[in-house]
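What the coordinates show
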Amino acid sequence: MPAPSSPSPVTAAATAPTSTAAPAADSAPPSAKGALLGPVALVISAGISVQFGAALAVMIMPKAGAAGVVTLRLAAAAVVLLLLCRPKIRGYVRADWGTVVAFGVAMAGMNGLFYQAIDRIPLGPAVTLEVLGPLALSVVVSRRLVNLLWAGLALGGVVLLSSHGGGGFGGLDLLGAAFALGAGAMWAAYIVFSARTGRRFPQADGLALAMAVAALLSLPLGIVEAGSDLLVPSTLALGVGVAVLSSVLPYTLELLALRRLPASTFAILMSLEPAIAATAGFLVLNQAMSALDALAIALVIAASMGAVRSQTRKPTREQTRKTPRERPRKQGA
């Protein structure tokens, strides 16, 4: 379940708890597993793009502020998606528009809260806290006892983060940590409404419309915080760069990957986002990470992977119980 900071739309669709996994890659022959290396590389590249885009956003926050960067990113992504998708606006009922507006609100809230978080705390811990939202959603929706174990493991990672100074809450801005947790909650809502929007709108039309809603909602906040600085050519160019790295490029890479990659494998790869974020923070922003920080992030990653694996295995077990051989016996009984 990943998360990126501000995940791409494809990420939300593939990690939604209601999604149906494709045939498990684990049962594929060696040649098929080798063929998965390409899609896996695409997914990892998308994660790197998202997190380095977030690192770039941190670098331009002194110029435009967190709200200004969010406005630039969402506005640029909305323009690109509207031009590419050219969504139709006729033929939808009020419930359809209510869903897409809710999706846009969740998107704006997720991005706005996350960027407020990384303006105050390091990128790695911010993404680690944010990913708890989708993880909690997965545990609640699955209603499986084993997922309580994964929730406890994730909680252990958070406690480890909070139990020492330096990279933990002892050294983090508490408001920043709260923003990251809020972004996680909005990410969970984003996943829910992403799935609902996908059922009501063809292709990526709903996504493009929701992105436009999110951009409009963020615009007043960006103008209040940054004002005319949003139109400075250098800041505008960097904002477009953030949009390309954090939305357009990963969206494209993930679309290509999901044509050949099981959704369950995709979701597990997305669980690596906190580690990628910590690496981006270290390389781009000089945000050092202690051994305890690394262990805490590893616990949350393991919890996310475990929750996804247990969730995607459940349909497989149910299908195994209802084999074709068993059905005739039940019908004849």
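A brief report on the enclosed structure follows. Everything numeric in this text was worked out from a predicted model, so none of it was measured. (Residues numbered from 1 in each chain as written. Predicted model: local features only at pLDDT ≥ 70, side-chain atom pairs only at ≥ 80, totals over all residues. Heavy atoms only, no water.)

**Considering the overall build of the protein**
Scanning the protein for helices and strands turns up 14 helices and zero strands. When the elements of the protein are put in sequence order from the N terminus, they spell out α-α-α-α-α-α-α-α-α-α-α-α-α-α. The 333 residues of the protein split such that 51% are buried. Long-range pairs, those at least 24 residues apart, make up 88% of the contacts in the protein between residues at least 6 apart in sequence. Looking at the protein as shown, the accessible area adds up to about 15,100 Å², and 67% of this sits on carbon and sulfur atoms. (Helix = DSSP H or I, 4+ residues; strand = E, 2+ residues; numbered from the N terminus. Buried < 20%, exposed > 50% of the residue type's maximum accessible area, 1.4 Å probe, protein only. Contact = heavy atoms within 4.5 Å. Areas by Shrake-Rupley, 256 points an atom, 1.4 Å probe, with all protein chains shown as cover.)

**Regarding the packing of helix α5 (residues 123-130) against helix α12 (residues 273-285)**
Running from N to C, α5 and α12 cross one another at 160°; their axes reach a closest spacing of 7 Å. Compared by their axis directions, α5 and α12 come out roughly antiparallel. Note that α5 runs across α12; the crossing there is right-handed. Within the contact between the two elements, α5 uses Leu-123, Gly-124, Val-127 and Thr-128 and α12 uses Glu-273, Pro-274, Ala-277, Ala-278, Ala-280 and Gly-281. Of the residues contributing to the contact of α5 with α12, the split by class is six nonpolar, three polar and one charged. (Axes fitted to C-alpha atoms, helices over the stretch in contact; angles between N-to-C directions. Parallel < 35°, antiparallel > 145°, perpendicular 65-115°, else oblique. Left-handed = near helix turned anticlockwise from the far one by under 90°. Nonpolar A, V, L, I, M, F, W, Y, C, P; charged D, E, K, R; others polar.)

**Some details on the pattern of salt bridges**
A side chain of one charge can pair with a side chain of the opposite charge if their charged atoms are brought near each other. All told, the structure shown has one salt bridge when counted by the stated rule. Here Arg-200 ties to Asp-96 by a salt bridge, and the two come within 2.6 Å at their closest N and O atoms. One end of the pair, Arg-200, is in helix α8 (residues 174-200); the other, Asp-96, is in helix α4 (residues 94-118), with 104 residues separating them in the sequence. Exposure remark for Arg-200: the relative accessible area of 37% places this residue in the partly exposed category. Among the residues examined, Asp-96 registers a relative accessible area of 10% and is labelled buried. (Salt bridge = Lys/Arg side-chain N within 4 Å of Asp/Glu carboxyl O.)

**A look at unusual backbone geometry**
With the exception of glycine, most residues fall at negative phi, and the peptide bonds are largely trans. In this structure, Arg-86 takes a positive phi of about 45° despite not being glycine. Within the secondary structure, Arg-86 sits in the loop between α3 (37-85) and α4. Residue classification places Arg-86 among the exposed residues on the basis of a relative accessible area of 67%. Its identity as a non-glycine residue notwithstanding, Asn-286 has a phi of 60°, on the positive side. Its place among the elements puts Asn-286 in the loop between α12 and α13 (291-321). Looking at Asn-286, the relative accessible area reads 66%, which means it is exposed.

**Here we look at the nonpolar core**
Grouped together as the largest cluster of nonpolar side chains are 65 residues, with contacts concentrated most on Met-107, Phe-114, Tyr-115, Ile-118, Leu-123 and Tyr-190. If you look at the next biggest cluster of nonpolar residues, it comprises nine residues, including Leu-253, Ala-257, Leu-269 and Met-270. (Core = buried A, V, L, I, M, F, W, Y, C linked by side-chain atoms within 4.5 Å.)

**Describing a nonpolar patch on the surface**
There is a patch of nonpolar side chains on the surface, built from Met-59, Phe-282, Leu-283 and Val-284 and spanning about 380 Å² of accessible area. Per element, the largest residue contribution to the nonpolar patch is three residues, and it comes from α12. Within the element layout of this structure, Leu-283 appears in helix α12. (Patch = residues over 30% accessible without salt bridge, like charges linked within 9 Å, V, L, I, M, F, W, Y side chains within 5 Å.)

**Some details on the packing of aromatic side chains**
The description of two aromatic rings rests on the distance between their centres and on the angle between their planes. Per the stated rule, a full pass over the model turns up five aromatic pairs. Each ring, one from Tyr-92 and one from Trp-97, has its centre 5.8 Å from the other, and the planes form 85°; the classification is edge-to-face. Classification of Tyr-92 by relative accessible area gives buried; the value is 18%. The partly exposed category is assigned to Trp-97, whose relative accessible area is 28%. Here the aromatic residues Tyr-92, Trp-97 and Phe-201 are joined through ring pairs into a cluster of three or more. Seen from the ring of Phe-193, Arg-196 lies directly overhead, with NZ or CZ sitting 5.3 Å from the centre. (Phe/Tyr/Trp six-rings, centres within 6.5 Å; stacked < 30°, edge-to-face > 60°. Lys NZ or Arg CZ within 6 Å of the ring centre and 35° of its normal.)

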